[in-house]
Amino acid sequence: FLQAFKRRGYQPEALLKFAEMMGLSEADKTVTKEEFFKILNHLNKEIIDPKSDRHFIIRHPVALDIEKAPKISVTLNLHPDLRKGGRHFATDGHFYIEENDHARLEEGKVHRLMDCYNFVRQGNRCMFHSSDYGSYRNAENKGIILHYVPRSEESISCDILLEDGSIVSGYGEPGLEKLKKGDIIQAERFAFLKLDSKLKNKLTFYYLHA
């Protein structure tokens, strides 16, 4: 039980805090599985959040090609409050996005790739609109903001082992290659993940919690 928790990324301090919250008494105490994990995940998140870098990982990837998009260098934060910058990758209009997000791209609306491009869907094509975030923020026909991974040889293949034992596969941003086994990250718009194994062409993560 404890070995499995450790492998997933639960911190000893979180379990100790949970025990302190329950306290000691002469009567037996019980807690439901749902309540146990709700409390434990909250305590664990408080510990790991400041230390966990943010990264993009796309599950169920779908190709997105933005016509007439320029080549630019994108910089994003490793942590929104504590570690500015640190994530750099080049883009040339070819990306992976989530299958669910692809289905939400309404025609004629201005959509935004985070800290990258604005684009407009026209039929089955997506056209470059602007690199300026202000033009998205002020657009009357504003669509959605998406996370993404540049589609290139530097994209990192990823497997994620979920709570139910199933595996979901996808691609991660180039910076993931710098991770070490045991590192915990936050996959943006998804969950905290712990790197369980690192092969030459693939990273395998354990799902920790949202």
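Let me sum up the structure you'll find in this document. Predicted model, so just to flag it, every value in this text is computed and none were measured. (Residues numbered from 1 in each chain as written. Predicted model: local features only at pLDDT ≥ 70, side-chain atom pairs only at ≥ 80, totals over all residues. Heavy atoms only, no water.)

**Examining the side chain of His55**
How we decide: Secondary structure elements follow DSSP: runs of H or I of four or more residues count as helices, runs of E of two or more count as strands, with numbering from the N terminus. Buried, partly exposed and exposed residues are distinguished by accessible area as a fraction of the type maximum, computed with a 1.4 Å probe on protein chains only: under 20%, between the cut-offs, and over 50%, respectively. The definition of a polar contact used here is a pair of N or O atoms within 3.5 Å, where within protein one atom must be able to donate a hydrogen and the other to accept one, and adjacent residues in sequence count solely through side-chain atom pairs. By definition in these notes, contact holds between two residues if any of their heavy atoms fall within 4.5 Å.
Take His55: it is sitting in strand 1 (residues 53-55). Overall, the relative accessible area of 5% leaves His55 in the buried class. Here the side chain of His55 touches Glu173 through a polar contact of 3.1 Å, side chain to side chain. Beyond its immediate chain neighbours, meaning those up to four positions away, His55 contacts Leu78, Arg87, Glu173, Gly175, Leu176, Leu179, Ile185, Gln186, Ala187 and Glu188.

**Examining the environment of Phe95**
Checked against the element boundaries, Phe95 lands in strand 6 (residues 94-98). Looking at Phe95, the relative accessible area reads 0%, which means it is buried. C-alpha of Phe95 to C-alpha of Ala63: the two residues are 32 residues apart in sequence and 5.9 Å apart in space.

**Some details on the pairing of strand 5 (residues 83-91)**
The two faces of the sheet receive side chains in turn, since in a regular strand these alternate between them. In plain terms, the rule: Only strands joined by at least two bridges in the DSSP assignment are considered to pair.
Where strand 4 (residues 72-79) meets strand 5, 7 bridges bridge the pair, whose relative direction is antiparallel. Bridged to Ser73 within strand 5 is Ala90. Turn length for the strand 4-strand 5 hairpin, with the two strands adjacent in sequence and antiparallel, is 3 residues.

**Comments concerning helix 3 (residues 33-48)**
Which entries qualify depends on this criterion: Residue count minus one, scaled by 1.5 Å, sets the expected span of a helix.
With 16 residues, helix 3 extends 22 Å from end C-alpha to end C-alpha; this agrees with the ideal 22 Å at 1.5 Å per step. Turning to helix 3, the residues buried within the fold contact helix 1 (2-8), helix 2 (12-22), strand 14 (184-187), strand 15 (191-198) and strand 16 (202-209).

**Some remarks on unusual backbone geometry**
Although it is not a glycine, His60 adopts a positive phi angle of roughly 50°. Mapped onto the elements of the fold, His60 is located in the loop between strand 2 (57-59) and strand 3 (61-67). Of note in this structure, Lys68 is not a glycine but carries a positive phi near 65°. For Lys68, the location among the structural elements is in the loop between strand 3 and strand 4.

**Topic: the packing of aromatic side chains**
Our working rule: Aromatic pairing here means that ring centres of Phe, Tyr or Trp (its six-membered ring) are within 6.5 Å. Orientation follows from the plane angle: under 30 degrees is stacked, over 60 is edge-to-face, and everything else is tilted.
If you walk through the whole model with that rule in mind, you get 14 aromatic pairs. The interplanar angle of 90° and the centroid separation of 5.0 Å between the aromatic rings of Phe18 and Phe36 together place this pair among those described as edge-to-face. One end of the pair, Phe18, is in helix 2; the other, Phe36, is in helix 3, and 18 residues separate them in sequence. Taken individually, Phe18 and Phe36 each receive the classification buried, so the pair is uniform in this respect. Summarising the aromatic geometry, the rings of Tyr117 and Phe128 are spaced 5.5 Å apart at their centres and angled 90° between planes, so their arrangement reads as edge-to-face.

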